Structure formats: C-alpha cells, structure tokens
Amino acid sequence: MTGTPVALCFLLREGPAGREVLLGRKKRGFGRGKVVGLGGHLEAGETPAEAAARELEEEAGVVLDVALLTPAGTVDFRFPVRPEWDMQCWMFTCSSWDGEVTESEEIAPAWYPADELPVAHMWQDADHWLPIVLSGTVADFYVEMAEDNETVARFVVLGQ
C-alpha cells in the first residue's frame, strides 16, 4: 500500500433497535459534507491503533484504550486523477470507551443502525467494504475511484 497513512475506528454499541455504529458528518477538510468513519492521519511515531484512539478523542471526545481496539483490516484507496489523495487505511472496531460522544469542529457524530448505513451521504466506496467490516470479518480491500473521484471504478477484496 502507498499513500497517506490513516486510521479509522468504528465505535459499536447495542441501541434500542439493535447494533449501531458511530459515524460523523465532516464539517471541514477532505470529504466535507459527507458521512464518514472517524479517524485521520497517523502522526510521526504513532501506530495505526494509537492514531485511531487519538483521532476519536479529538473528533468525538471519547477516550479509547488502544489494547481494546479490534483490528478490522485495511483499505488501499486510490485516486488515479488525484494521486495526492491516495490513502493507506487501517481500520479498527471498538465497543468500550470512556466519555460521552460530543461534536467537534471537525465532525458532527451520530449513531446509525449498522445494517442501515447512510450510504447516500457517504463516499460511494463505503457501501462496498463497510458492511463487511461491521459484520466482524477482518479483510483487506483495494478501492480505485473513477475520474470523477466519486464513483468506484474498481473494488477488490484482497484477503480475509
């Protein structure tokens, strides 16, 4: 994988209607206006799990124990017409945290039913890999976006 290293963590809980996942509407920066997984860039010397925990605290005000993060696989995101957007993404899930989820300058977080994701408001690729991740399957994915940087040109499950 090449590209900017990033990490995402999907918080999971049991809600009144079943399993829910925490996602957030981006308020600024890359993906502004879209509903996304919480996370971001790795800082120098950070492991992907440490970055995911730091980002969840910055974006949603919750504290995660890195030891309780469950690895969920990777996504190699490619933007052929905007290679500077390429990302290598490590994913985690977690069902234990301290604090209450709160909005930040970056993200307006909200809980969604894990089996009814708001895909109309997400990057188009999320519908390809996120249901697999939320099912508990650990997998590695390759996503290549089309020239419009919105639609998926190619999606491959690299391994499970």
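Just so we're clear, the structure is a prediction, and the values are computed from it rather than from any experiment.

**Some words on unusual backbone geometry**
So, step 1. Look at N149: it is not a glycine, yet its phi comes out positive at around 60°.
So, step 2. With respect to the helices and strands, N149 occurs in the loop between strand 8 (139–145) and strand 9 (152–159).

**Focus on the UniProt feature "domain: Nudix hydrolase" (unreviewed entry) in the chain**
So, step 1. Per the UniProt entry, the sites bearing "domain: Nudix hydrolase" (unreviewed entry) are residues 2–138 in this numbering.
So, step 2. In residues 2–138, helix accounts for 16% and strand for 37%; the two terminal C-alpha atoms are 20 Å from one another.

**Considering the environment of G33**
So, step 1. With respect to the helices and strands, the residue G33 is situated in the loop between strand 2 (18–26) and strand 3 (35–36).
So, step 2. The spatial distance from the C-alpha of G33 to the C-alpha of H121 is 8.1 Å, given a sequence separation of 88 residues.
So, step 3. Each residue touching G33, except ones within four places of it in the same chain, is listed here: R25, K26 and H121.

**Structural notes on the confidence of the model for the chain**
Low-confidence regions, as indicated by low pLDDT, have predicted coordinates that should not be scrutinised in detail.
So, step 1. Counting all residues, the mean pLDDT for the chain is 90, and 99% of those residues have values of 70 or more.
So, step 2. Looking over the chain, one finds the lowest element-wise mean pLDDT in strand 9, namely 85, and the highest in helix 1 (residues 48–60), namely 95.

How each quantity is defined
Residues numbered from 1 in each chain as written. Predicted model: local features only at pLDDT ≥ 70, side-chain atom pairs only at ≥ 80, totals over all residues. Heavy atoms only, no water. Helix = DSSP H or I, 4+ residues; strand = E, 2+ residues; numbered from the N terminus. UniProt positions renumbered as here; feature names shortened; annotations may be inferred. Contact = heavy atoms within 4.5 Å. pLDDT = per-residue confidence, 0-100.

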